[in-house]
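Overview (structure and organization)
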Amino acid sequence: MEDENVAYNRIWLGWVGSVLLCGAACWAQEDEPPSITVFVNNSVGIDQAVFRHAENEAAGLFRRGGIEVHWRNCAETSDCRRPPCSNEFVLHIVPNGRTGSDFVFGEAFLGPDGRGRYADVFFNRLRDAQGSLSIAQLLGAVFAHELGHLLLGSRAHTLMGIMQPIWRQEALRRIAMGNLTFTPEQQRMMKDRLPSETVAVTSIAGRGRLGLQ
Ligand SMILES: [Zn+2]
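None of the values given here were measured: they were computed from a predicted structure.

In this section: the overall build of the protein. Check the secondary structure of the protein and you find six helices and seven strands. Counted from the first residue to the last, the protein has its helices and strands arranged as α-β-α-β-β-β-β-α-α-β-α-α-β. The burial tally for the protein puts 45% of its 213 residues in the buried class. The long-range share in the protein, meaning contacts at least 24 apart out of those at least 6 apart in sequence, stands at 77%. Carbon and sulfur atoms provide 53% of the accessible area of the protein, an area that totals close to 11500 Å².

Once that is clear, we can look at the packing of aromatic side chains. For the structure on display, the rule yields three aromatic pairs. Seen from their ring centres, Phe51 and Phe143 are 5.9 Å apart, and the 65 degrees between their planes marks the pair as edge-to-face. With Phe51 in helix H2 (residues 48-64) and Phe143 in helix H4 (residues 135-152), this residue pair connects regions lying 92 residues apart in the sequence. A centroid spacing of 5.0 Å and a plane angle of 50 degrees characterise the contact between Phe62 and Phe182, whose relative ring orientation is tilted. Of the two residues, Phe62 is situated in helix H2 and Phe182 in the loop between helix H5 (169-177) and helix H6 (184-193); the sequence distance between them amounts to 120 residues. Accessibility assignment for this pair places Phe62 and Phe182 in one class, buried. Here a set of aromatic residues connected by ring pairs shows up, and it is made of Phe51, Trp71 and Phe143.

Right, let's talk about the pairing of strand E1 (residues 35-42) for a bit. The element E1 is extensively covered by neighbouring structure, given that six of its eight residues are classed as buried. The sheet contact formed by E1 and strand E2 (residues 68-73) spans six bridges and is parallel. Looking across to E2, one finds that Ile36 is bridged to Val69. Of the crossover connections in this fold, the one passing from E1 over H2 to the parallel E2 is right-handed. With six bridges joining them, E1 and strand E3 (residues 88-94) adopt parallel strand pairing. Across the sheet, residue Asn42 finds its bridge partner in E3, namely Ile93.

Once that is clear, we can look at the pattern of salt bridges. Note that side chains of opposite charge can pair when their charged atoms are close. A full pass over the atoms with the stated rule returns nine salt bridges. When the shortest N-O distance is used, the salt bridge between Arg52 and Glu55 registers 2.8 Å. Of this pair, Arg52 and Glu55 both sit in helix H2, three residues apart, roughly one helical turn. Residue class for Arg52 comes out partly exposed when judged on its relative accessible area of 38%. When salt bridges with common partners are traced through the structure, they connect Arg72, Asp79, Arg82 and Glu88 into a single cluster.

What follows deals with the packing of H4 against H6. Working note: a packed helix pair is described by the angle between its axes plus the distance between those axes. For the pair H4 and H6, the least separation of the axes is 9 Å and the interaxial angle reads 55 degrees. Viewed along their axes, H4 and H6 adopt a mutual orientation that is oblique. The handedness of the crossing between H4 and H6 is left-handed. Facing Gly148, Leu151 and Leu152 of H4, the residues of H6 in contact are Gln186, Met189, Met190 and Arg193. Here the residues of the contact of H4 with H6 are counted per class, giving four nonpolar, two polar and one charged.

Turning our eyes to something else, we now look at the pairing of strand E4 (residues 104-109). The buried fraction of E4 amounts to six of the six residues, a majority that puts the element mostly inside the structure. Sheet analysis places E4 next to strand E5 (residues 118-122), joined by four bridges and oriented antiparallel. Considered in E5, the bridge of Ala108 is made with Ala119.

Further remarks concern H2. For H2, spanning 17 residues, the distance from its first C-alpha to its last is 24 Å, which sits close to the expected 24 Å at 1.5 Å a residue. Taken residue by residue, H2 has Phe51, Ala54, Glu55, Ala58, Ala59, Leu61 and Phe62 as its buried positions. The buried residues of H2 occupy an angular sector of 155 degrees when the element is viewed end-on, so they sit on one face. Summarising the geometry of H2, the exposed residues directed more than 90 degrees from the buried face are Ala49 and Asn56. Those residues of H2 that are buried are in contact with E1, E2, E3, H4 and H6. Positioned one or two residues after H2, Gly66 has a phi angle of 85 degrees, which is positive.

Parameters and conventions
Residues numbered from 1 in each chain as written. Predicted model: local features only at pLDDT ≥ 70, side-chain atom pairs only at ≥ 80, totals over all residues. Heavy atoms only, no water. Helix = DSSP H or I, 4+ residues; strand = E, 2+ residues; numbered from the N terminus. Buried < 20%, exposed > 50% of the residue type's maximum accessible area, 1.4 Å probe, protein only. Contact = heavy atoms within 4.5 Å. Areas by Shrake-Rupley, 256 points an atom, 1.4 Å probe, with all protein chains shown as cover. Phe/Tyr/Trp six-rings, centres within 6.5 Å; stacked < 30°, edge-to-face > 60°. Pairing = 2+ DSSP bridges. Right-handed = clockwise from strand over helix to strand, strands pointing away. Salt bridge = Lys/Arg side-chain N within 4 Å of Asp/Glu carboxyl O. Axes fitted to C-alpha atoms, helices over the stretch in contact; angles between N-to-C directions. Parallel < 35°, antiparallel > 145°, perpendicular 65-115°, else oblique. Left-handed = near helix turned anticlockwise from the far one by under 90°. Nonpolar A, V, L, I, M, F, W, Y, C, P; charged D, E, K, R; others polar. Expected span 1.5 Å × (residues − 1). Arc of directions from axis to C-beta.

So, in structure tokens, the structure goes:
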């Protein structure tokens, strides 16, 4: 009987320890400006220089809205194996999308509350459609668009700016110039939705897609 109690206590303490460990992993210092951390799982072996360029393009769009983006490569951190915290997001770069037409380049997975942590980017479709754009510019714009879904929710699409559901020639021209941005309203909404305190979260279900014509 005594042994059973000892075993029970160990399980209980182990569970508490796990919760505390998760809390510690999710802890973030209050910083100014507000920031998000994006874990990138690169399953297509994109060249690191291209990747850095794409990340800088996307980060620049968020910086205009007063949000800093910290990038983490899943190949270099075990943090990708734990659930993301409230200010953390995961981009998975995969060769091809499982759903949608060839002109759908990304998909964000949103919960019933319109919030999400995970998005896929379909690299081969981007590469095949890049035209005169550099792949880094297009990739960076898609990173920003899908992260926009995760921060803005299911009604994130607009007629103007980076959250247009379909990018036509004018949008592509502005991506090339680096000025297809979030609208001022979207910038404000994203900052408002960022948590003031970093906590562990759960989510998933629902989608937001991006196409190009
Ligand atoms: Zn979209």
